[in-house]
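A closer look at the structure
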Amino acid sequence: MPAGVRIPRFLRWRRHPVVSVVVILLVLAGAVVGGNRLYTILVPPELSCGKGMTATAKPVACVGVNLEGKPFTKSDPERMRALQKEVRAANDAVTGESTSVVLMLNLSPVDDVDTVTYESLYHNIEGAITAVWRANNTAAYGSRPGVKLYLANMGSRYGWWERTVESVKQYARSERISAVVGLGQSTEQTRQAAAAISGQLHIPVIGSTVTGNSMNLDPADPTGKKLIPDMFRVSPTNKDTVIAANQYVSGLKPAVTSMAVVADGVEGDDYTATLAAEAKVAFQAPGRTVTVLPYTSPHDMPGGAGRYDYLVQQFSLMHANLCQAAPSAVYFAGRGRDLGAFVQTWVQGAPCGIAQLNILVGDDASEAIRDDAVLKGISSGRVTVAFTALASPEEWGNECPGSDAKRNYDQFFSAFTGRPDPCTKQPLATTQGAQPPLSFDPAGLASGQAMLTHDAVVAGLSAARHEGAGVKNPGLLTGILHQFYCAQMLPGASGWLSFGADGNPVGKPIPVVQINADGTTKTAALTWPSSAPNLSLPQRGGTGAPGC
């Protein structure tokens, strides 16, 4: 090249191709980042998620562990926002060494798609808040370390459980998470979530209202027999709830001589599958016929597609077969949110000589306590509805002082409502510097879900407080939970908490609850499917508690 001829600056990069590529990539990366920031400024995201959560695709929601009390959706109900703020304020008040319990549920349900309602979620959260408040402000469950509560959202139909488990894993050490509780419904997604937490983190997973028989079995085990090592639950299994239902039916007068089992055959729902399987066998009895009437709820239906209308169509076609069976009672082995469609089609269907249909449902009927179609059906006199609840505020009776189990419940009631003890009429004693009392509506106890979630949180935090080293190594806490049995039972709102070797509760009562036309409930019976009544800790010379 002739002397004095300068190479244009942009052509000099060809002499250093590697450097050129690196520089170009850096420039492009900066442009992308800058462009993203500019786009965010010009077109704000539909939903801004707080620390621990990420936004999902449609339906848009924040999933993961809510570390900052941020909204889960852009249209969270006011009551949900108030509870989130209450959780955040209580956490901020905890000083010194602490441990955390995560309440993991579908906290962004989509109407007419999910079978869980916001109403039931409120009760679960209130029960968890009450357990943590008692731990931090009374002497009911020890005193140290302090306990924090975090809400974790798995999204609609629990579809983002993997991302939520990753969030739990990411913050398990920094937040000293000692247990994950709740889970919600007995679906394949929640079972996968429980197995993942156990397999990856080795910390206790405690189901509050998880009743499906197979929910504590490892989904990866081809034999279907291996237990999820760290899983426990405070609610009875579907096997026990069906036994309880049969005990109740067998005591009715006049005798129930024919039954129809309305059985949901949808795949992936352990609750409906095991409920139907148990019912088909348990209700068989001398002098009684059992007719199985199958239906299939939608496995996956987008929002606005009309789950209710879809089921009304099926139940309308079932009507003639139900009339032909002419049952003395019907056992509805389906989701509580689908009960309204069944009741409406019966009430509005052609009369067929059955003056009143007596319907008995599993525990998920707690979702239907305020279902308009169910209440109108009851008001018409064409149906009665009762369900095997996992807990009931009336199950211990009203006598004072009552059993030890009732005293435990009364202490819970006082903490939940901020009212004096129902029997002693004394305000709940609190520790020095206690946070203000809670003031939840006692009507929220009707479904029993607040009681069960309270008990699940109590089990998790009690294990952490019994094992000091467990605060830094939660993997030690599974062994502690296994020691809560016989004389070492924990006082719970739903009964004494005692765990068998499989993590299932031992000696739990099951109340049968009647739904009234005005949406109130009444405990019709208290059953003990797996044991004699278990009302007190074992006394010297006594018969001992179940599991001893």
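For the structure given in this document, a descriptive report is provided here.

Scoring rules and cut-offs
- Residues numbered from 1 in each chain as written.
- Predicted model: local features only at pLDDT ≥ 70, side-chain atom pairs only at ≥ 80, totals over all residues.
- Heavy atoms only, no water.
- Helix = DSSP H or I, 4+ residues; strand = E, 2+ residues; numbered from the N terminus.
- Buried < 20%, exposed > 50% of the residue type's maximum accessible area, 1.4 Å probe, protein only.
- Contact = heavy atoms within 4.5 Å.
- Areas by Shrake-Rupley, 256 points an atom, 1.4 Å probe, with all protein chains shown as cover.
- Pairing = 2+ DSSP bridges.
- Right-handed = clockwise from strand over helix to strand, strands pointing away.
- Polar contact = N/O pair within 3.5 Å; in protein donor to acceptor, adjacent residues only side chain to side chain.
- Axes fitted to C-alpha atoms, helices over the stretch in contact; angles between N-to-C directions.
- Left-handed = near helix turned anticlockwise from the far one by under 90°.
- Nonpolar A, V, L, I, M, F, W, Y, C, P; charged D, E, K, R; others polar.
- 1 Å grid on protein atoms, 1.4 Å probe; cavity = no way out; pocket = protein on both sides within 12 Å on 5 of 7 lines; lining within 4 Å.
- Points joined across faces, edges and corners; volume = space filled by probe spheres on them.
- Parallel < 35°, antiparallel > 145°, perpendicular 65-115°, else oblique.

The number of helices and strands found in the protein chain is 14 helices and 16 strands. Counting only residues that meet the buried cut, the protein chain has 54% of its 548 residues in that class. Expressed as a percentage of contacts within the protein chain between residues at least 6 apart in sequence, the contacts between residues at least 24 apart total 73%. Here the protein chain has roughly 23,700 Å² of accessible surface; of this, 55% comes from carbon and sulfur atoms.

With that settled, the discussion passes to the pairing of strand β5 (residues 177-182). In terms of burial, β5 is largely enclosed, as 6 of its 6 residues are buried. Across 5 bridges, the pairing between strand β3 (residues 98-105) and β5 is parallel. Paired with Ser 100 across the two strands is Ile 177, which belongs to β5. Relative to strand β6 (residues 205-207), β5 is paired through 3 bridges, and the arrangement is parallel. Residue Val 181 lies in a different strand from β6, and its bridge partner there is Ile 206. Between the parallel pair β5 and β6, the chain is carried across by helix α6 (residues 188-201), and the sense of this crossover is right-handed.

Turning our eyes to something else, we now look at the environment of Thr 223. Among the structural elements, Thr 223 can be located in the loop between β6 and β7 (231-233). Residue classification places Thr 223 among the exposed residues on the basis of a relative accessible area of 53%. Here Asp 221 takes part through its side chain, which lies 2.5 Å from a polar atom of the side chain of Thr 223.

Going from Arg 144 to Pro 145, the amide bond is cis rather than trans, its omega being 0°. Residue placement: Pro 145 occurs in the loop between α4 (118-137) and β4 (146-153). Residues Cys 400 and Pro 401 are joined by a peptide bond in cis, for which omega reads 5°. The backbone of Lys 425 sits at a positive phi, close to 65°, despite the residue not being glycine. Tracing the backbone shows Lys 425 in the loop between α12 (404-417) and α13 (449-466). For Cys 486, which is not a glycine, the phi torsion comes out positive at approximately 55°. Structurally, Cys 486 can be placed in the loop between α14 (477-481) and β13 (490-491).

The next thing to look at is the packing of α4 against α13. Where α4 meets α13, the closest approach of the two axes is 7 Å, and the angle between their N-to-C directions is 35°. Of the two elements, α4 crosses α13, and the hand of that crossing is right-handed. Counted together, Ser 120, His 123, Asn 124, Gly 127, Ala 128, Thr 130, Ala 131, Val 132, Arg 134, Ala 135 and Asn 136 of α4 and Gln 449, Ala 450, Thr 453, His 454, Val 457, Val 458, Leu 461 and Arg 465 of α13 form the full contact between these two elements. Looking at the contact of α4 with α13 residue by residue, the class counts come to 8 nonpolar, 9 polar and 2 charged.

In this section: empty space enclosed by the protein. If you walk through the whole model with that rule in mind, you get 2 cavities of 30 Å³ or more. One number sums up the size of the largest cavity: a volume of about 210 Å³. Along the walls of the largest cavity sit 22 residues, with Gly 184, Thr 209, Asp 364, Glu 367 and Gln 449 positioned nearest its centre. Broken down by element, the residue count for the lining of the largest cavity peaks at 3 residues, all from α4. For the lining of the largest cavity, the residue count by class is 6 nonpolar, 12 polar and 4 charged. In this structure, the second largest cavity encloses a volume near 60 Å³. What lines the second largest cavity is Asn 66, Leu 67, Gly 69, Gln 84, Val 87, Arg 88, Asn 91, Leu 149, Tyr 150 and Leu 151. Ranked by residue count, the leading element in the lining of the second largest cavity is helix α3 (residues 78-92), at 4 residues. Split by residue class, the lining of the second largest cavity holds 5 nonpolar, 4 polar and 1 charged.

Moving on, we come to the packing of helix α7 (residues 238-250) against helix α8 (residues 270-282). Interaxial distance between α7 and α8 falls to 9 Å at its minimum, and their mutual angle equals 40°. When the interaxial angle is binned, α7 and α8 end up oblique. The chirality of how α7 crosses α8 is right-handed. Along the contact surface, α7 presents Asn 238, Lys 239, Thr 241, Val 242 and Asn 246, while α8 presents Asp 270, Tyr 271, Thr 274, Leu 275, Glu 278, Ala 279 and Ala 282.

We now examine the sheet that holds strand β8 (residues 258-264). Judged by pairing direction, the sheet is mixed, and its 7 strands sit side by side in the order β9-β8-β10-β11-β12-β15-β16 without closing on themselves. Bordering the open sheet on either side are β9 (289-295) and β16 (521-527), each of which pairs with just one other strand. Averaged over all pairs of adjacent strands, the angle between their axes in this sheet comes to 25°, without regard to strand direction. Direction of pairing for β8 relative to β9: parallel, over a ladder of 7 bridges. Pairing of Ala 260 across the sheet is with Thr 291, part of β9. Lying over the sheet, α7 contacts β8, β10 (329-333), β11 (357-361), β12 (383-388), β15 (510-515) and β16, oriented at roughly 60° with respect to β15. The sheet contacts of helix α10 (residues 339-348) involve β8, β10, β11 and β12, and relative to β11 the element is tilted by about 170°.

A separate point is the pairing of β12. Most of β12 sits out of view: 5 of its 6 residues are buried. Relative to β12, β11 runs parallel, the two being bridged by 5 bridges. Bridge pairing in β12 places Val 361 opposite Phe 387. Regarding the hand of the β-α-β motif, the stretch spanning β11, helix α11 (residues 372-379) and β12 is right-handed.

Our next topic: the sheet that holds β5. Taken together, the 7 strands give an open sheet; going across it, the order is β1-β2-β4-β3-β5-β6-β7, and neighbouring strands pair in mixed fashion. In the strand order of this sheet, the two ends are held by β1 (53-55) and β7, each with one partner. Between one strand axis and the next, the sheet turns through 20° on average, direction left out of account. Looking at chain direction, β3 and β4 are connected through 8 bridges and run parallel. Directly across from Val 102, in β4, lies its bridge partner Tyr 150. Contacts from α4 reach β3 and β4, with the element oriented near 165° to β4. Most of the contacts of α6 go to β6, to which it runs at about 155°, and overall it touches β3, β5, β6 and β7.

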